[in-house]
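Here's the letter readout for the chains.
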Amino acid sequence: MWILAGRSWWRGRALAAGVTEAACQVLPCPCPLGSFGAHTDSRALDRLYTSAERKEKVDMSRFPVENIRNFSIIAHVDHGKSTLADRLLELTGTIDKTKNNKQVLDKLQVERERGITVKAQTASLFYNCEGKEYLLNLIDTPGIQAQTVANFFLAFEAQLSVIPVINKIDLKNADPARVEKQIEKMFDIPSDECIKISAKLGTNVESVLQAVIERIPPPKVRRSNPLRTLVFDSTFDQYRGVIANVALFDGVVSKGDKIVSAHSQKAYEVSEVGVLNPNEKPTHKLYAGQVGYLIAGMKDVTEAQIGDTLYLHKQPVDPLPGFKSAKPMVFAGMYPVDQSEYNNLKSAIEKLTLNDSSVTVHRDSSLALGAGWRLGFLGLLHMEVFNQRLEQEYNASVILTTPTVPYKAVLSSAKLIKEYRGKEITIISPAQFPDKSKVTEYLEPVVLGTIITPDEYTGKIMTLCQTRRAIQKNMVFIDQNRVMFKYLFPLNEIVVDFYDSLKSLSSGYASFDYEDAGYQTAELVKMDILLNGNIVEELITVVHKDKAYSVGKAICERLKDSLPRQLFEIAIQAAIGSKIIARETVKAYRKNVLAKCYGGDITRKMKLLKRQAEGKKKMRKVGNVEIPKDAFIKVLKTQSDK
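Reading guide: rules and limits
- Residues numbered from 1 in each chain as written.
- Predicted model: local features only at pLDDT ≥ 70, side-chain atom pairs only at ≥ 80, totals over all residues.
- Heavy atoms only, no water.
- Pairing = 2+ DSSP bridges.
- Helix = DSSP H or I, 4+ residues; strand = E, 2+ residues; numbered from the N terminus.
- Axes fitted to C-alpha atoms, helices over the stretch in contact; angles between N-to-C directions.
- Contact = heavy atoms within 4.5 Å.
- Core = buried A, V, L, I, M, F, W, Y, C linked by side-chain atoms within 4.5 Å.
- Buried < 20%, exposed > 50% of the residue type's maximum accessible area, 1.4 Å probe, protein only.
- Parallel < 35°, antiparallel > 145°, perpendicular 65-115°, else oblique.
- Left-handed = near helix turned anticlockwise from the far one by under 90°.
- Nonpolar A, V, L, I, M, F, W, Y, C, P; charged D, E, K, R; others polar.
- Salt bridge = Lys/Arg side-chain N within 4 Å of Asp/Glu carboxyl O.
- Phe/Tyr/Trp six-rings, centres within 6.5 Å; stacked < 30°, edge-to-face > 60°.
- Arc of directions from axis to C-beta.

Visitor: Is there a simple way to think about the sheet that holds strand β20 (residues 360-366) in this case?
Guide: Sheet strands pair by backbone hydrogen bonding; their relative direction is either parallel or antiparallel. Spatial ordering of the open sheet is given by β20-β21-β19-β22, a layout of 4 strands whose pairing is antiparallel. The open sheet has two free edges, formed respectively by β20 and β22 (398-400), since each of these has just one partner strand. Across the sheet, the mean angle from the axis of one strand to that of its neighbour is 30°, orientation sign disregarded. When strand β19 (residues 330-336) meets strand β21 (residues 370-377), the two strands line up antiparallel, connected through 5 bridges. Across the sheet, residue Val 330 finds its bridge partner in β21, namely Phe 377. Where helix α8 (residues 380-394) meets the sheet, it contacts β19, β21 and β22, and its direction lies at approximately 20° from that of β19.

Printed below as a string of structure tokens:
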């Protein structure tokens, strides 16, 4: 687990980072603050106050800038990050110490079910150390499924202060000394800087707070300058309107101030300011260097844009850079199960994506599934959590198509370049994949993957990587028993089931993370799926030429198992251009009624055939074979689980 903080106020747009050690495997994981975003109504339960609590206001002027520390905990999924946050809240007296303190900052149902943090949460902690009262602004960030090592180096390049924390030392098989050596070898961090704790038992957790005060510098801000504040999150309350979470870079803000949004140029009057402790606690003022919330009569969540700058009326300032846009790595189509629910689903997606800038949304439509969207996500876990939140919080039933990655194509003619306004185009939907005659080459996204595993699984893992078209770049023994591989992977080969396969082969001991490595030339083909000669647009797939047959045959077999039989034969085919590469057949509901007619009058045979023809009319309305939605769902889910 890493604890990180910027040398200046929110430098690099990350306040801090933390790396947790589960079962003593080093998995550092700093990530951008807005990776999974924030969402409406996520703190509804936290706004139930007594009148006494709301009248009691905190005086924030007693915290000079030199007594403020801004930090966050960042770690791999299931490494005890939220548990550590619970202990820090208890040690600072923010919450009472009880046995029920589990995932206190995780408010969403999906977070508690999965045991992971999905959206960032803020808490201001008041801590007394050596006679001085400190304000510690904590951001509990989402857990990361991959990209842990890569994010550590991003934080390192941004000159963030890093505090390595080795968690779960209470486990039976824990080996903190070995982990310290791994951290020193991989990240060049001296072993004596590591803090060994058990967040579950509370062992040595207070050392983390002391390290935050000693090793993290105070924010570099000026309270004498005009107000300049960054909106980094927002929620909606049906009685009070939009509640914006803000970080003050300069100046002071208080109730009654008239502020302006740099994004919309709209003016508002501040009706309440305060801090999250972790529930909302009103204050008289907020000062530069502090993190809190602000209510200013915004009636729509769209008015509180993430990354927006707020300033005092008639005192304009240069807007803050905001957040760097996240790059979607996985795309999938999303459609309502019932088209009558389209508007409700549209509203739900707008609310969930409003404060999650990492999700991209494009309108899409399908002959079989109707109107929908093409959504871009950071990864498969992000996509699964987004879908689960739609179902739980908005009671929305959706069809999610097979995940794909963004390909590129280099156009061949000047006419096409003029038409697309560029020589290179990005393809996020397989149906848009251009024909080979129109391009000079195709490009596929690649990632640099890092695998850390016990050495007894080396052979199996190398074989797995080879089957995924990976190129080995490096292999290092980080200690006597553990190996670190570096492979260059095509992103399409790892996006669905690679992580599960790796865990299965290594009995759960191997870890995997990756970083973007750009694009490389690839022999890609568009594979169409046909039913009785008609292309099914929803099942079009982009595959590597060498894997076209195996992928096509697998999809045909799944369709054969999913499609209901008809009164006529259904031919399921996988095709590349005009070439059929795989076929399966769904047999008709039919028997040979002439089998027993070895002779006799022709009228007898005609009578039998006529009766059979009448039965076939019952399914004539199907026409060219329409795939039922439940069959689509079954095929698409099976593809994801392959």
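So, next bit.
Visitor: Would you mind going over the nonpolar core with me for this structure?
Guide: When a protein is soluble and globular, its nonpolar side chains tend to lie buried together. Ranked by internal contacts, the top residues of the largest apolar core, which has 35 residues, are Ile 451, Cys 465, Phe 489, Ile 494, Phe 498, Leu 502 and Phe 512. When contributions to this core are tallied by element, the ones reaching two or more residues are β23 (407-411), β24 (424-427), β25 (439-454), α10 (458-467), β27 (482-490), α11 (491-494), α12 (498-505) and β28 (511-522). Not counting residues up to four positions away in its chain, the partners in contact with Leu 502 are Ile 451, Ile 461, Leu 464, Ala 510, Ser 511 and Phe 512.

Visitor: Please explain the packing of α10 against α12 as it appears in this structure.
Guide: Two numbers describe a pair of packed helices, the interaxial angle and the distance between the axes. At a minimum axis separation of 10 Å, α10 and α12 run at an interaxial angle of 160°. As summarised for this structure, α10 and α12 are arranged roughly antiparallel, according to the angle between their axes. Crossing angle aside, the handedness with which α10 passes α12 is right-handed. Touching Lys 460, Ile 461, Leu 464 and Cys 465 of α10 are Phe 498, Ser 501, Leu 502 and Leu 505, all from α12. Taken together, the residues of the contact of α10 with α12 break down into 6 nonpolar, 1 polar and 1 charged.

Visitor: I would appreciate a short explanation of the pattern of salt bridges in the present structure.
Guide: Opposite charge on two side chains permits pairing when their charged atoms draw close. For the structure on display, the rule yields 16 salt bridges. With a closest N to O distance of 3.1 Å, Arg 469 and Glu 493 form a salt bridge. Within this pair, whereas Arg 469 is found in the loop between α10 and β26 (471-477), its partner Glu 493 is found in helix α11, the two being separated by 24 residues in sequence. Owing to a relative accessible area of 21%, Arg 469 belongs among the partly exposed residues under this scheme. In this structure Glu 493 comes out as buried when scored by relative accessible area, which is 9%. Members of the salt-bridge network, linked through shared partners, are Glu 444, Arg 469, Glu 493 and Lys 547.

Visitor: Got a minute to help me understand unusual backbone geometry in this structure?
Guide: Trans peptide bonds make up the majority, and among non-glycine residues the majority have a negative phi. Here the bond from Asn 277 into Pro 278 is cis, since omega is -10°, no more than 30 degrees from zero. When you line up the elements, Pro 278 lands in the loop between β14 (272-276) and β15 (280-282). At Asn 204, a position not held by glycine, the phi torsion is positive, near 65°. Along the chain, Asn 204 turns up in the loop between β8 (195-196) and α6 (206-215).

Visitor: How do you make sense of the packing of aromatic side chains when you look at a structure like this?
Guide: Centre-to-centre distance and the angle between the planes together describe a pair of aromatic rings. Taken as a whole, this structure holds 11 aromatic pairs when the rule is applied. With a centroid separation of 5.3 Å and 15° between ring planes, the pair formed by Phe 63 and Phe 126 is classed as stacked. Placement of Phe 63 in the loop between α1 (51-55) and β4 (68-74) and of Phe 126 in strand β5 (residues 121-129) is noted, with a sequence separation of 63 residues between them. Across the pair, Phe 126 and Phe 63 agree in class, each one buried. Aromatic side chains Tyr 487 and Phe 489 sit 5.8 Å apart centroid to centroid with 45° between the ring planes, which places their arrangement in the tilted category. Relative accessible area serves as the criterion here: at 2%, Tyr 487 is assigned to the buried category. Judged by relative accessible area, which is 0%, Phe 489 ranks as buried. Cluster of aromatic residues (ring-pair linked, three or more members): Phe 485, Tyr 487, Phe 489, Phe 498, Phe 512 and Tyr 514.

Visitor: Help me understand the sheet that holds strand β12 (residues 258-261), please; the structure alone is not making it clear to me.
Guide: Spatially, the 8 strands line up as an open sheet ordered β13-β12-β18-β9-β10-β17-β14-β15, and their pairing is antiparallel. Sheet topology places β13 (267-269) and β15 at the edges, where each strand pairs with a single neighbour. With direction set aside, neighbouring strand axes in the sheet form an average angle of 40°. As paired elements, β14 and β15 share 3 bridges and run antiparallel to each other. Bridged to Gly 274 within β15 is Pro 282.

Visitor: How do you make sense of α10 when you look at a structure like this?
Guide: Note: α-helices contain 3.6 residues per turn, so residues at a spacing of three or four share the same orientation. Along α10, the residues classified as buried are Thr 458, Ile 461, Leu 464 and Cys 465. Along the long axis of α10, the arc covered by the buried residues comes to 130°, so they all point the same way. On its buried side, α10 packs onto β25, β26, β27 and α12.

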